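Coordinates in review
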Amino acid sequence: MQLSDTEKKMIARLRRREEQMRRWRWWLLFVGVFCLGAVCYSFTILLRLFHEPDLTAVFVIACFLPQLYLGCLVGAGMIGYTWARWSGNPQTRLLLRLLDEKIDG
């Protein structure tokens, strides 16, 4: 099987991306868990403000609650992405394995 230079570069890029995912998966998982932990801690702090329904407490809750929801989405998204791609992208792994077998065989 003869591959052009462009195709070889594409294959090398796919291999690098798979290796990067193996290296970064623990960090992504840690950052996702950290985000969720920070959101939970911040939410417990904001819960104290619900007991004092003055204007300042309402303003603080209104300002920080959307950011907490966004942090929760980011943390859950990172954990979900890491979990789904823990061993790499299955289609990419299959493609690289087929290419290796075709080139070697």
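Our next topic: the packing of helix α1 (residues 5-50) against helix α2 (residues 55-84). Look at α1 against α2: their axes get within 8 Å of each other, and the N-to-C directions meet at 155°. The angle between the axes of α1 and α2 places the two elements in the roughly antiparallel class. Where α1 crosses over α2, the handedness of that crossing is left-handed. Within the contact of α1 with α2, the residues separate by chemical class into 23 nonpolar, five polar and one charged.

This part takes up the packing of aromatic side chains. Note on aromatic pairs: each is described by the distance of the centres and the angle between the planes. For the structure on display, the rule yields three aromatic pairs. Ring centres of W26 and W86 lie 4.9 Å apart, and the angle between their planes is 85°; this geometry places the pair in the edge-to-face category. Here W26, found in helix α1, pairs with W86, found in the loop between α2 and α3 (90-104); they are 60 residues apart in sequence, far enough to count as distant. For W26, a relative accessible area of 54% translates into the label exposed. According to the relative accessible area criterion, W86 is partly exposed, its value standing at 28%. Between W27 and F30, the ring centres sit 6.4 Å apart and the planes meet at 90°, which makes this aromatic pair edge-to-face. Of the two residues, W27 and F30 are both situated in helix α1; the distance of three residues between them amounts to about one turn of the helix. Considered together, W27 and F30 belong to a single accessibility category, that of exposed residues. An aromatic cluster of at least three residues, connected via ring pairs, comprises W27, F30 and F34. Looking at R25, its charged tip hangs above the ring of W86, at a distance of 4.7 Å from the centre.

What counts as what
- Residues numbered from 1 in each chain as written.
- Predicted model: local features only at pLDDT ≥ 70, side-chain atom pairs only at ≥ 80, totals over all residues.
- Heavy atoms only, no water.
- Axes fitted to C-alpha atoms, helices over the stretch in contact; angles between N-to-C directions.
- Helix = DSSP H or I, 4+ residues; strand = E, 2+ residues; numbered from the N terminus.
- Parallel < 35°, antiparallel > 145°, perpendicular 65-115°, else oblique.
- Left-handed = near helix turned anticlockwise from the far one by under 90°.
- Nonpolar A, V, L, I, M, F, W, Y, C, P; charged D, E, K, R; others polar.
- Phe/Tyr/Trp six-rings, centres within 6.5 Å; stacked < 30°, edge-to-face > 60°.
- Buried < 20%, exposed > 50% of the residue type's maximum accessible area, 1.4 Å probe, protein only.
- Lys NZ or Arg CZ within 6 Å of the ring centre and 35° of its normal.

These results come straight from atomic positions and should not be treated as a statement about function.
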